[in-house]
Amino acid sequence: MKSRAGKLFPLSLLLGMGLIASWLNILTQWQQPAPHALNPDKPEYTIEEINAKRFDEQGRPWQQLTATQMWKLPKASTVYFTEPELEQYNQGQPDYHITADNGRYNKQQDVAEFFGRVHLLRVAQADKAAMHLQTPSLRLDNRTQTASNNAPVVMDYGSSQIKAVGFIYNHQAGQLKLLSQVRMHYAP
């Protein structure tokens, strides 16, 4: 009997170790949690005190965005901002500065929209006076380098003031088109 038990012991030990190894393998395998559906009305993520910078091909600053809060809804390509502040640069030098109560940015379209007490300040340049624009909304298209809206706008340019409803500004061409109800106080 002893010889039979002596022959079965290594075999049973091998079988026992195999079972333990199999059991440990099952316990230690990572199991991905089941995906849960996100609520489409609640933010997928929220970021507080954001500061983001974009650079041009030469590595110079192109845009800097700061905001008190940023969030994105699930399955949406638009991100939303609270108290956004956008600094735009031209060849690394400050060009204009936009502040607003709220904003949003669509990455696919490369379009930013600002809402509520929008202020745009274009920095004075060697041949141009500083320009200050106030409006309730502003659409900024980065691809076409245009700014526009269909809302009332007040623009101070040097000592002159322009009031209108709606405008389209082509930044590359330096052209401003006022859409309606234009009133101007010109002071040379």
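Reading the values: rules and limits
Residues numbered from 1 in each chain as written. Predicted model: local features only at pLDDT ≥ 70, side-chain atom pairs only at ≥ 80, totals over all residues. Heavy atoms only, no water. Core = buried A, V, L, I, M, F, W, Y, C linked by side-chain atoms within 4.5 Å. Buried < 20%, exposed > 50% of the residue type's maximum accessible area, 1.4 Å probe, protein only. Helix = DSSP H or I, 4+ residues; strand = E, 2+ residues; numbered from the N terminus. Contact = heavy atoms within 4.5 Å. Salt bridge = Lys/Arg side-chain N within 4 Å of Asp/Glu carboxyl O. Pairing = 2+ DSSP bridges.

In this section: the nonpolar core. Core analysis: the largest hydrophobic core is formed by 26 residues, its most contacted members being F81, I98, F114, L120, L138, L140 and F167. Looking at this core, the elements with two or more residues in it are β2 (61-72), β3 (78-82), β5 (93-99), β7 (111-122), β8 (131-141), β9 (146-157) and β10 (160-170). Residues contacting F81, with those up to four places away along its chain left out, are L65, A67, Q69, M70, W71, N102, G103, R104 and Y105.

Moving on to the pattern of salt bridges. Inspection of every chain in the model, using the stated rule, returns six salt bridges. The salt bridge partner of D101 is R117, with a shortest N-O separation of 2.9 Å. With D101 in the loop between β5 and β6 (102-106) and R117 in strand β7, this residue pair connects regions lying 16 residues apart in the sequence. Taking the shortest distance from any N to any O, the salt bridge between E113 and R104 comes out at 2.7 Å.

As a further point, take the pairing of β7. The pairing of β5 with β7 spans four bridges and is antiparallel. In the strand pairing of β7, Y96 is matched with R122. Alignment of β6 against β7, held across five bridges, turns out to be antiparallel. Bridging across to β7, N106 finds its partner in V111. Here β6 folds back onto β7 in antiparallel fashion, the turn holding four residues, of which D110 has a positive phi close to 55 degrees.

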